[in-house]
Structures are given as structure tokens and as C-alpha cells.
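One letter stands for each residue in the lines below.
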Amino acid sequence: MNSQQQTWIQSVVYVTLISLCLYYIQNLISSKLLLADLNNNTIIRKKQPSLPLHFRSDGTFKILQVADMHYGNGITTRCRDVLATEFEYCSDLNTTRFLKRMIEAEKPDFIAFTGDNIFGTSASDAAESLFEVFGPVIESRLPWAAVLGNHDQESTMTREELMTFISLMDYSLSQPNPSAGYTDEHPPTHIDGYGNYNLQVFGALGSPLANSSVLNLYFLDSGDRAVVNGIRTYGWIKESQLLWLRGISKKLQESDQVLGTLPSMTPSLAFFHIPIPEIRTGPLEAIVGEYREHAASSLVNSGVLQSFVSMGDVKAVFIGHDHTNDFCGYLKGIWFCYGGGFGYHGYGRAGIPRRARVILMELEKGAKEWMGVERIETWKRYDDEKLSKVDEQVLWDIGSSR
């Protein structure tokens with residue numbers, strides 16, 4: 001065999017291997033981006049948001065937190081705990097209307113759903129209810145992400161199926177679980193739960209930090225229910241999840257140091273559903289908002305607060321679960337904030353309007369351009385005639401301990 005023949009054979013083998021690799025990658029990726037419409041025998045491709053997430057040109061990034069929508073079957077699902085004088089007829093559609101009003105009024109850059117998105121026992125078809133729940137956000141073409149609560153899986157899907165389905169929905173940045181390479185030290189072979197992932201928000205376009213992450217968003221699955229020593233309790237964030245989280249935080253901080261683009265540690269926010277035990281046992285150093293019911297946390301304290309404190313980057317945590325609580329409480333240097341009950345089919349208290357939480361990040365203004373995050377603020381809006389804005393507060397400022 002002469003050299004020309006050898007070269008030809010090597011070229012054929014090379015092209016074949018490249019083609020096989022490309023075919024495998026294409027199938028691997030497209031399977032995650034397609035939804036099948038079995039009735040029409042067609043394939044629907046997922047609509048992706050503009051990535052990466054960026055701060056606006058005015059140096060702000062706004063998140064709308066939606067907690068406990070408790071969606072059922074739409075117009076046939078009646079509201080709970082509302083006064084007869086408030087509405088002529090009240091159903092899940094009131095929840096949808098509230099979400100649309102909030103999107104229009106606040107014009108958020110990102111929406112975070114913190115669990116109990118559907119009320120499983122009232123939702124006859126989980127997929128149909130999820131389409132209704134997230135419909136207004138998809139219509140707005142805003143990027144969004146979700147975690148699960150303790151009621152989502154009580155319908156027709158398991159928690160794994162729910163998170164996979166949510167991750168495939170238009171403009172969703174949700175992920176069923178983290179990919180490999182999340183930590184360099186003793187990576188767990190299994191991460192508990194479904195919906196553990198992190199998202200990064202980059203600096204303002206046109207600024208020196210346009211290609212650098214200046215804000216991290218951690219999402220965690222706090223579980224549903226469990227039995228501990230024969231006693232029924234709520235779920236909790238497991239050690240495998242915390243190991244992954246600490247690894248992610250360490251890698252992000254090391255990246256900041258290598259780049260040398262930020263004057264201090266990149267701040268992070270965390271989102272999950274069930275409160276940690278310390279919110280119930282305290283002591284809370286400060287409370288802004290209403291503390292109306294005891295925190296329904298797990299009996300198990302898995303060390304979430306200690307992990308956040310040791311990481312050093314988490315400045316605020318946003319939770320749901322206890323619908324009539326809408327306060328922010330200060331624990332060991334970190335604010336823990338309830339979103340407040342959003343949905344009308346979830347329990348509430350008659351005469352007290354449903355509400356939503358808004359989180360605003362502001363960049364520091366340099367001599368000529370935007371720098372890293374300078375301030376994190378929050379407030380709530382009631383679902384009343386004026387979408388009343390209440391309890392404005394600063395959660396973190398780069399120049400102070402709070």
C-alpha cells in the first residue's frame with residue numbers, strides 16, 4: 001500500500017469518526033430541546049431565552065419571586081380563604097391574572113418560582129396545569145426557573161418527571177440536576193433531589209464585566225415529606241446537595257480570584273421551598289414584614305445555615321411554604337425572605353391579599369462604567385387595586401455588614 005492510499009484511508013476514517021461524533025452530539029442535545037406533540041405527530045422545538053443573563057444598561061437586574069401558586073385545574077378550581085365581598089367568582093384564573101399584572105407592573109428580568117407551583121391533589125393532569133402556571137411567563141418571553149415544593153408531585157408526575165418537563169418548557173433555565181464537574185474535591189456519586197442547579201448573571205453589556213459573572217443564583221430541591229423515627233415531617237436539603245453547593249461556590253470564588261475583575265466576592269442568592277429549622281428556632285436578629293405562622297420546617301437540621309455561612313457568598317435566601325408569612329429575617333449575616341402566598345387555591349387568611357416579592361440588584365458605578373453588584377434590595381406587592389408596594393428594604397450593601 002502506497003502513501004497516497006494510506007492518506008486516503010486515514011482521511012475516510014477521520015471523516016467517519018467526526019460524522020459519528022457530530023451525529024451523537026446532535027441527538028444528545030436535540031433530545032433535550034424537543035417536545036413531541038403525539039396528537040399531531042409533530043415535533044416542537046424549545047424556545048430559548050437570550051443567554052447569558054445580563055444586567056441592564058442602567059445597571060440593574062430585577063427578579064420576581066413567585067411562591068406557592070398552588071394551581072389546580074383552572075377556572076373550575078375555586079379559591080380558598082377569600083372574602084365573599086372580594087370577588088364575584090374566584091378561581092385559579094385570579095392567580096394567572098395576578099402574575100400577568102406583576103409582570104406588566106415590575107417588568108422583571110427573570111422570574112423565580114419557589115415551589116408548590118401546582119397543588120397536586122387538585123390538578124388532574126400535571127402537564128396541563130404546568131402549562132397554565134407558566135403560561136404568562138412564556139408569553140412574556142422572559143427567562144425563568146423553578147424548584148419544586150412538597151405538593152407538586154401529588155398529581156400525575158414524579159418529581160424527576162416534573163423537573164425534566166419544566167426544564168424543557170419555553171424560556172426555562174431550570175435543570176433537573178447538575179452536570180458533572182461540579183466540584184473538584186470528593187464529588188458525590190449521587191445528588192439527592194431534582195432541581196439542584198446554579199445560574200450566573202453577567203455584568204452590563206458594554207462594561208468591562210460584560211463577560212464576567214457578577215451574581216450567582218443557587219436553586220435547591222428541599223424535598224417533600226419524610227418519616228424520621230416514626231414521625232412524619234417535611235423534607236430537607238441533604239448533605240450530597242450541600243457538598244455540591246459548597247463545591248460550586250468554591251469554584252466560582254476561585255474563578256473570581258483568577259480573573260481579578262471584581263473588587264470582592266461575587267454575591268449569591270439561594271432559592272428553595274421549605275424553610276430551614278433556624279427560622280423557627282431563631283433567634284432572628286431582625287424581622288421586616290409579617291410573621292403570622294410558625295415555620296413548618298423539617299425536624300432534621302442538615303446544616304444548611306452553617307454551609308451558607310462558611311461559603312460566605314450567599315447574601316439572601318428566598319423561600320415559600322408558609323403562605324401567610326411574608327417577612328425577611330436575619331440569621332448569622334444572611335437574610336431569609338418568604339415570598340408570601342401567591343396563589344388563590346393555596347391557603348391564606350381571608351381579608352389579607354395575596355402577594356409577591358421583588359428583588360432588585362444594582363451595580364456599582366465606576367468612573368466611566370458599571371462595576372460589580374453594589375446593593376441588593378427587596379419589596380413586596382399586594383394583589384389589590386393598586387398593587388400596593390410594601391416593606392422596602394436593603395438586604396445587602398457592599399459597604400456594610402448587611
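Residues numbered from 1 in each chain as written. Predicted model: local features only at pLDDT ≥ 70, side-chain atom pairs only at ≥ 80, totals over all residues. Heavy atoms only, no water.

## Describing the state of the cysteines
Across all of its chains, the model carries two disulfides by this definition. Cys79 shares a disulfide with Cys90; S-S distance 1.9 Å. Here the S-S torsion is close to -80°, and the disulfide linking Cys79 with Cys90 is therefore left-handed. Pair noted here: Cys79 is in the loop between β4 (60–66) and α2 (92–106) and Cys90 is in the loop between β4 and α2, with a separation of eleven residues, a long-range link. We note that Cys79, like Cys90, is buried. Here Cys328 is linked by a disulfide to Cys337, with a sulfur-sulfur distance of 2.1 Å. Taking the torsion about the S-S bond as the criterion, the Cys328 to Cys337 disulfide, at about 115°, is right-handed. Of the two residues, Cys328 and Cys337, both sit in the buried class. If one numbers only the bonded cysteines of the protein, in the order they occur, the disulfide pattern is 1-2, 3-4. (Disulfide = S-S within 2.5 Å. Helix = DSSP H or I, 4+ residues; strand = E, 2+ residues; numbered from the N terminus. Buried < 20%, exposed > 50% of the residue type's maximum accessible area, 1.4 Å probe, protein only.)

## With respect to the pattern of salt bridges
Under the counting rule described, the total for this entry stands at twelve salt bridges. We note a salt bridge from Arg56 to Asp109, for which the minimum N-O separation is 2.8 Å. Here Arg56 is found in the loop between β3 (53–54) and β4, whereas its partner Asp109 is found in the loop between α2 and β5 (110–114), with 53 residues between them in sequence. Residue Glu106 is joined to Lys62 by a salt bridge in which the shortest nitrogen-to-oxygen separation is 2.8 Å. With Glu106 in helix α2 and Lys62 in strand β4, this pair connects stretches of sequence that are 44 residues apart. Per residue, the accessibility class of Glu106 equals that of Lys62, and both read buried. Through salt bridges with shared partners, a single network forms among Lys62, Glu106 and Arg381. (Salt bridge = Lys/Arg side-chain N within 4 Å of Asp/Glu carboxyl O.)

## Some words on helix α3 (residues 126–140)
Between its first and last C-alpha, α3 extends 22 Å over 15 residues, near the 21 Å set by a 1.5 Å rise per residue. When the local axis directions of α3 are compared, the greatest deviation, roughly 55°, occurs at Phe134, which is followed within four positions by the proline Pro136. Within the span of α3, buried status applies to Ala126, Ala127, Ser129, Leu130, Val133, Phe134, Gly135, Pro136, Val137 and Ile138. Of the surrounding elements, those touching the buried residues of α3 are α2, β5, β6 (144–147) and α4 (159–167). Two to three positions downstream of the cap, the backbone nitrogen of Ala127 sits 3.0 Å from a side-chain oxygen, assigning the N-cap of α3 to Asp125. (Expected span 1.5 Å × (residues − 1). Bend = angle between axes of the 7 residues up to and from the residue. Contact = heavy atoms within 4.5 Å. Polar contact = N/O pair within 3.5 Å; in protein donor to acceptor, adjacent residues only side chain to side chain.)

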